[in-house]
Amino acid sequence: MDLTTPSASQPLALYRTMVRIRAFENAAEAASQGGVSAYGQQAGASAKVRGPLHLSTGQEAVPAGVCAHLRPSDYLTSTHRGHGHTLAKGADLARMMCELFGKATGFNGGKGGSMHIADFSVGMLGANGVVAAGLPIAVGAAHAQKIQQRDAITTCFFGDGAINRGPFLEALNWARVYQLPVLFVCEDNRWSATTASGPMTAGDGASARAAAMDIESRQVDGNDVFAVNETAAGLVAQVRAGSGPRLLHALTYRVKGHVSVDLAAYRDPAELQAALQTDPIARARAHLLRSGTAAAELDAIENRAQAEVDAALAEADAAPWPDVQAAFGDVQDTGAGQWT
Amino acid sequence: MDLTMQQPGAGRFAFGEVREMSYAQAAAMAVLREMEVDSRVVVLGEDVGRGGIFGQYAGLQARFGAERVIDTPISEAAIMGAGVGMALAGLRPVVEMRVVDFALCGMDELVNQAAKNRFMFGGQGRVPLVARMPGGIWDASAAQHSQSLEAWFAHLPGLVVVCPSTPQDNFSLLRAAMHCGDPVAYIEHKTLWGLRGEVDAGQTAKLGEGRRVRSGNALTIVSWSRQVHVCEEACKALAAEGIEADLIDLRTIWPWDREMVLESCARTGRLLVVHEAVQTAGFGAEIAASAAEATGCRVARLGAPRIPVGYAPILEAQARIDVGKVAGAARRLID
């Protein structure tokens, strides 16, 4: 199925996108156990995904609902928590897994890993290890689209933590000043690394700040894929029509810790339990069953996703490591070969 | 293809023609030339529409319009970051930071984004971005407008670092920077803008090639940017004493012309590196160590003391490397 055709916004396609993201991340999470965390442990020999792995488990409805309206010619910038965005934009799942394993067959040839997952061929210009760093890049890409009069837009995902960094303000102002074709999407998962965002944020968050810069925004239940889909459809249409930037403020929740080996013991267990009741995949499944979809059809989607992920794991496991020379390649052409 | 250029405020400037102009005009001519032949080239930054605060973009917005010569808010992170996004999307942005001191507000965008993009994403994209960030002491402008930070950028894999010292080089090297396809920290000098000299529109330069300013066998002096002119004066004084120095204008800090420098050092047996930047951990240390390792020559460094630049003339002077200091260091080296 081509996820970038209009059919990607059909209910079963939305469900499929979410399920693929969940299956991919569950597998990556399992493969990361024993790997490096953000807290100073060394990577264990057993870990297949050795580096920090930021999971978007429970947030799948946002990329699924937004990216359903994007085309391969549209650009997208992402965050350190970017597996969902990358998959939903149409990147190949197996090559993503290879990259997480650090293998030569990954999208970045093993040079980036999870935090820098990217597939430029589908317009996915990269996850980013720096909070809010994707915003200025996104407005630049959108600026280029406007200058070149391309029939394409840029979508920029960022988290609630990013709105407290200066580049957020600079980028929103920039987008409005030049009336750029960019959709900002704040995935508000309520946590900034291991600190709750609420007490660290003045005012009402991303949409309120957008309003201050005369950028129309919509707030949506980010765990309701059909609501995200419908709201994103409207905003994307406005951005495509040349109405300037828009902002989607999606309220969701980060089910996992900051990284895969972070147990998030610092938060109230009741908060997590409440959030688990709003699992976007469970909600979508219940909704689809109520509207007449056969359980077997949904099971088949889930089984196919799991089989695809299992195959990707095997492929990544068998794939070769990068050639040592890759450490010296694609640095720069000017002065290439002069390493000392 | 029309290979003539419109000189801001004057007539056509044809290829092969030689004309006297300032360091700032030479830069504007270089951008003009590239914008004429490549529609992907855009300029963005504060005040560029009115020609830039030093006149280094004079006439460009009138010629190419506000969509290609883009006046921006005071948003260094967004200017640099948007430049990265534009480059990834197929444009060739020239990004103006006003002064290198302000470029520090866009460092994540240059260091973590522009410089690493190509490698980190496995060669999926390129960032052909030229970040102009004038450096050096700006008379009576104190600590936040007077820094020489080229060594910082030389330390970063992925970046090219250029420090032009003459109008000709500001024309030729800026064009080379815009052609190279890599992100470039292009560090003009804040007080060279008015320096006049002949510019040959047909002359090209290669990044990584130094320029021999004077020939001699007594010692090698390596410098760059405005300090080259100070060293040239010092060389004249030394020559009057019978000391003939080999003076090299490095022109690009990374990559640097190892071949020219090492050949000279092997011949003279003595190297003095002079820069306006703080001497401690300055790029002179890199050159001196490389030359000593490769040729066994005697080395000396001459840079500013590790102090912020003060405002009052007597304070500011403590951070300057003047002709007397250069000549003195040269004499000590050959004793």
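The numbering scheme is per chain: residues are counted from 1 as the chain's sequence reads. Each chain gets a letter, beginning with A, and each ligand a number, beginning with 1, in the order they are written. Local features in a predicted model are, by the rule used here, given only for residues with pLDDT of at least 70; side-chain atom pairs are given and counted only at 80 or more, and totals for whole chains, interfaces and linings are based on all residues.

Some words on the overall build of chain B
Short version of the rule: Under the DSSP-based scheme used, a helix requires at least four consecutive residues in state H or I and a strand at least two consecutive residues in state E, with every element numbered from the N terminus. When we talk radius of gyration, it's over C-alpha atoms, and the globule rule is simply 2.2 Å times the number of residues to the 0.38. A residue pair is marked as a contact if its C-beta atoms, positioned from the backbone, fall within 7 Å.
A count of helices and strands for chain B gives 12 helices and 16 strands. Here the C-alpha atoms of chain B give a radius of gyration of 20 Å, agreeing with the 20 Å that 2.2 N^0.38 yields for 335 residues. With respect to the three principal axes, the spread of C-alpha positions in chain B is 60 × 45 × 45 Å. Put simply, 77% of the contacts in chain B that link residues at least 6 apart link residues at least 24 apart.

Here we look at the packing of helix α3 (residues 76–88) of chain B against helix α5 (residues 107–120) of chain B
All names here are of chain B. Spelled out, the test is: Axis definition: a line fitted to C-alpha atoms, limited for helices to the stretch in contact. Angles are taken between N-to-C directions and run from 0 to 180 degrees. Angles below 35 degrees are treated as roughly parallel, those above 145 as roughly antiparallel, those between 65 and 115 as roughly perpendicular, and all remaining angles as oblique. Residues were grouped as follows: Ala, Val, Leu, Ile, Met, Phe, Trp, Tyr, Cys and Pro as nonpolar; Asp, Glu, Lys and Arg as charged; and all remaining residues, including Gly, as polar.
Where α3 meets α5, the closest approach of the two axes is 9 Å, and the angle between their N-to-C directions is 10°. For the element pair α3 / α5, the angle class is roughly parallel. Within the contact between the two elements, α3 uses Ala77, Met80, Gly81 and Val84 and α5 uses Asp108, Glu109, Leu110, Gln113, Ala114 and Asn117. Its residues placed into classes, the contact of α3 with α5 shows five nonpolar, three polar and two charged.

Thoughts on the domain arrangement of chain B
Residue and element names in this part refer to chain B. Filter applied, for reference: By convention here, the domain bounds are inherited from an automatic or database domain assignment.
Once the domains are mapped, chain B shows domain 1 (5–200) and domain 2 (211–334). A straight line from the C-alpha centre of domain 1 to that of domain 2 covers 26 Å. The interface is formed by 22 residues belonging to domain 1 together with 23 residues belonging to domain 2. Of all elements in the fold, only α6 (150–154), β8 (160–162) and α7 (167–179) reach the threshold of two or more residues within the side of domain 1 that touches domain 2.

Regarding the environment of Thr195(A)
Residue and element names in this part refer to chain A. Stated precisely, the cut-off is as follows: The exposure scheme places C-beta atoms from the backbone and then counts, for each residue, the other C-beta atoms within 10 Å of its own, assigning buried at 20 or more, exposed at 12 or fewer, and partly exposed in between.
Tracing the chain through its elements places threonine 195 in strand β5 (residues 195–196). Overall, threonine 195 belongs to the partly exposed group, with 13 C-beta atoms counted inside 10 Å. Expressed as a C-alpha distance, the spacing of threonine 195 and alanine 127, which sit 68 residues apart in the sequence, is 21 Å.

Some details on the sheet that holds strand β6 (residues 92–96) of chain B
Residues and elements named next belong to chain B. The following threshold applies: Two strands are counted as paired when DSSP detects at least two bridges linking them.
In spatial order, the strands read β5-β4-β6-β7-β9-β8-β14; together these seven strands make up an open sheet with mixed pairing. This sheet does not close on itself; its edge strands, each paired only once, are β5 (69–71) and β14 (252–254). Recorded for the sheet is a direction-independent mean angle of 20° between the axes of neighbouring strands. Sheet analysis places β8 next to β14, joined by two bridges and oriented antiparallel. Paired with valine 162 across the bridge in β14 is threonine 252.

A word on the interface of chain B and chain A
Between chain B and chain A, the residue contacts involve 38 residues of the former and 37 residues of the latter. Here the side of chain B that touches chain A gets nine residues from one element, more than from any other, and that element is α3(B). A class-by-class count of the residues in the side of chain B that touches chain A yields 19 nonpolar, 14 polar and five charged.

A short note on the confidence of the model for chain B
Residues and elements named next belong to chain B. Note the following rule: Predictor confidence is given residue by residue as pLDDT, running from a minimum of 0 to a maximum of 100.
For chain B, the average pLDDT comes to 95, and 96% of its residues sit at 70 or higher. Within the model, pLDDT remains below 50 along residues 1–11, and this stretch shows 23 contacts once partners closer than five positions in the same chain are excluded. Of the two predicted TM-score estimates for the complex, the pTM is 0.95 and the ipTM is 0.94.

Structural notes on unusual backbone geometry
All names here are of chain B. Look at the link from tryptophan 254 to proline 255: it is a cis peptide, with omega at -5°. Here proline 255 lies in the loop between β14 and α9 (258–268). Phi is positive for aspartate 47, which is not a glycine, with a value near 65°. Looking at the element boundaries, aspartate 47 is found in the loop between β4 (41–45) and α2 (60–64).

A short note on the sheet that holds strand β16 (residues 298–304) of chain B
All names here are of chain B. Taken together, the five strands give an open sheet; going across it, the order is β11-β13-β12-β15-β16, and neighbouring strands pair in mixed fashion. Looking at the sheet topology across the chains shown, the edges are occupied by β11 (211–214) and β16. Ignoring strand direction, the axes of neighbouring strands in this sheet form an average angle of 25°. Taken together, the three bridges between β11 and strand β13 (residues 245–249) define a ladder with antiparallel strand orientation.

Points about the nonpolar core
Nonpolar side chains in soluble globular proteins tend to end up buried together. Convention followed: The nonpolar core criterion groups buried Ala, Val, Leu, Ile, Met, Phe, Trp, Tyr and Cys residues into a set whenever they are joined through C-beta atoms within 7 Å.
Within the largest apolar cluster, 213 residues are counted, with the highest numbers of intra-cluster contacts made by Val139(A), Val182(A), Val31(B), Ala131(B) and Ala177(B). Ranked by the residues each element gives to this core, the list is headed by helix α1 (residues 11–32) of chain A, at 11 residues. When we break this core down by domain, the ones giving at least three residues each are domain 1 (5–200) and domain 2 (211–334) of chain B. Setting aside residues up to four positions removed in sequence, Val31(B) forms contacts with Val43(B), Tyr57(B), Leu60(B), Val94(B) and Leu174(B).

What to know about helix α8 (residues 227–240) of chain B
All names here are of chain B. The line we're drawing: What a helix is expected to span follows from its residue count: subtract one and scale by 1.5 Å. In this context, the arc is that of the directions from the helix axis out to the C-beta atoms.
Here α8 contains 14 residues, and its C-alpha end-to-end distance of 20 Å stays within 8% of the 20 Å for a straight helix at 1.5 Å per residue. Where α8 is concerned, the buried positions are Gln227, Val228, Val230, Cys231, Ala234, Cys235 and Leu238. Buried residues of α8, viewed axially, fall in a sector of 150°; they line one side. Positioned one or two residues after α8, glycine 242 has a phi angle of 90°, which is positive.

Some details on helix α4 (residues 93–101) of chain A
Residue and element names in this part refer to chain A. Judged by how many residues are buried, α4 sits mostly within the fold: nine of nine residues are covered. On its buried side, α4 packs onto α1, α3 (83–88) and α11 (295–318). Looking one or two places after α4, you find glycine 102, whose phi comes out positive at around 80°.

Some details on the packing of α4(A) against α11(A)
For any two helices packed against each other, the geometry comes down to the angle between their axes and how far apart the axes lie. All names here are of chain A. Put simply, the rule reads: What makes a crossing left-handed is the near helix being turned counterclockwise from the far one by less than a right angle; a clockwise turn instead makes it right-handed.
Running from N to C, α4 and α11 point in directions that differ by 45°, and their axes come no closer than 8 Å. Comparing their axes, α11 and α4 come out oblique. Both α4 and α11 take part in a crossing whose hand is right-handed. Between α4 and α11, the contacting residues are Leu93, Ala94, Met97, Cys98 and Phe101 on the first element and Glu308, Val309, Ala311, Ala312, Leu313, Glu315 and Ala316 on the second. Looking at side-chain class alone, the contact of α4 with α11 contains 10 nonpolar, no polar and two charged residues.

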